[in-house]
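Descriptive analysis of the structure
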Amino acid sequence: MNIFRLLGDLSHLASIFILLHKIRTTKSCAGISFRSQALYVLVYLTRYLDLLWGPWPLYNTVMKLFFIGSSVYVLYLMKFDYRPSHDMGLDNFKVEYLIGGSFVMALLFNLAFTFDEVMWSFSLWLESVAILPQLFLLQRTGEAETITTHYIFALGAYRALYIPNWLYRWVMEGRVEFIAVFAGIVQTIVYADFFYVYFTKVIQGQKFELPA
């Protein structure tokens, strides 16, 4: 494991802990997109199908189970424990287009035309755009709690760090997953406006506001 993957995984873990901390301490899901969270559940379930035919290294197995379990737990909190605080009227991004588009991309671009490889590719394409309902919700509300922006930043940084991870593996190991690299680049571009506002406003202690 190289340093870029380790930092990416730590950033991913940080995003989850920040999100759970925000929900538990504020006792509210306000500002969090249920639709984005549901897409992430779908991402992890389709990416980690290989858990069914392991065994895999302990680190990989634990991380995969944690990402699946924590994402399902967040959905549970939003659906049942803190449902009244969920912005249902504003969180209405058409995720059907994201799912359908990602599936088409997975059929066109995959490592092998098998069920598990198509699902793996699907998870990468879907993850690259899964944050869009969250960003759409922020745009509609016009503001966000600082802790929510920290969660989104950590989530975006995780995938951005995976780009140099793949490039490192290409140089040092002679292998690269071009689909993963390209999907990571797409995801980083999707985050571009958010990253800009985060560094120019949130880090400076100002109120978060996405450009109109």
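So, here's what we can say about the structure. Note that the structure is a prediction, hence the values are computed from the model and not measured.

1. Brief notes about the environment of Q134
By the element assignment, Q134 lies in helix 6 (residues 132-141). Taking the relative accessible area as the measure of exposure, Q134 reaches 0% and is therefore buried. Sequence-wise, Q134 and G31 are 103 residues apart; in three dimensions their C-alpha atoms are separated by 8.1 Å. Every residue in contact with Q134, bar those within four places of it in the chain, is listed here: G31, I32, S33, S36 and I152. Side-chain polar atoms of Q134 contact the backbone oxygen of G31, separated by 2.7 Å.

2. Looking at the environment of L137
Note that L137 resides in helix 6. C-alpha of L137 to C-alpha of M88: the two residues are 49 residues apart in sequence and 10.0 Å apart in space.

3. As for the pattern of salt bridges
All told, the structure shown has six salt bridges when counted by the stated rule. As a salt-bridge pair, K22 and E145 come within 2.6 Å of each other at their nearest N and O atoms. Linking K22 in helix 1 (residues 3-26) with E145 in the loop between helix 6 and helix 7 (146-173), this pair joins segments that are 123 residues apart in sequence. By relative accessible area, K22 is classed as buried at 1%. The exposure class of E145 is partly exposed, given its relative accessible area of 36%. Where E127 meets R47, a salt bridge forms, and the shortest distance between an N and an O atom there is 2.7 Å.

4. Brief notes about the nonpolar core
Core analysis: the largest hydrophobic core is formed by 54 residues, its most contacted members being Y191 and F194. With eight residues, the top contributor of residues to this core is helix 5 (residues 115-129).

5. Re the environment of T148
Mapped onto the secondary structure, T148 falls in helix 7. Here the alpha-carbon distance between T148 and L10, two residues 138 residues apart in the chain, equals 18 Å. Beyond its immediate chain neighbours, meaning those up to four positions away, T148 contacts K22, G31 and I32.

6. A word on the packing of helix 2 (residues 34-47) against helix 3 (residues 58-81)
Orientation of helix 2 relative to helix 3, taken along the N-to-C sense of each, is 155°, at an axis distance of 9 Å. With respect to each other, helix 2 and helix 3 are oriented roughly antiparallel. Between helix 2 and helix 3 lies a crossing whose hand is left-handed. In this structure, helix 2 contributes F34, Q37, A38, V41, Y44 and L45 to the contact, and helix 3 contributes F67, I68, S71, V72, V74, L75, M78 and K79. In the contact of helix 2 with helix 3, the residues fall into eleven nonpolar, two polar and one charged.

7. What to know about a nonpolar patch on the surface
Together, M1, I3, L6, L7, L10 and Y59 line one region of the surface with nonpolar side chains, adding up to about 540 Å² of accessible area. For the nonpolar patch, the element with the highest residue contribution is helix 1, accounting for four residues. As for its placement among the helices and strands, M1 is situated in the segment before helix 1.

Each value, and the rule that gives it
Residues numbered from 1 in each chain as written. Predicted model: local features only at pLDDT ≥ 70, side-chain atom pairs only at ≥ 80, totals over all residues. Heavy atoms only, no water. Helix = DSSP H or I, 4+ residues; strand = E, 2+ residues; numbered from the N terminus. Buried < 20%, exposed > 50% of the residue type's maximum accessible area, 1.4 Å probe, protein only. Contact = heavy atoms within 4.5 Å. Polar contact = N/O pair within 3.5 Å; in protein donor to acceptor, adjacent residues only side chain to side chain. Salt bridge = Lys/Arg side-chain N within 4 Å of Asp/Glu carboxyl O. Core = buried A, V, L, I, M, F, W, Y, C linked by side-chain atoms within 4.5 Å. Axes fitted to C-alpha atoms, helices over the stretch in contact; angles between N-to-C directions. Parallel < 35°, antiparallel > 145°, perpendicular 65-115°, else oblique. Left-handed = near helix turned anticlockwise from the far one by under 90°. Nonpolar A, V, L, I, M, F, W, Y, C, P; charged D, E, K, R; others polar. Patch = residues over 30% accessible without salt bridge, like charges linked within 9 Å, V, L, I, M, F, W, Y side chains within 5 Å. Areas by Shrake-Rupley, 256 points an atom, 1.4 Å probe, with all protein chains shown as cover.

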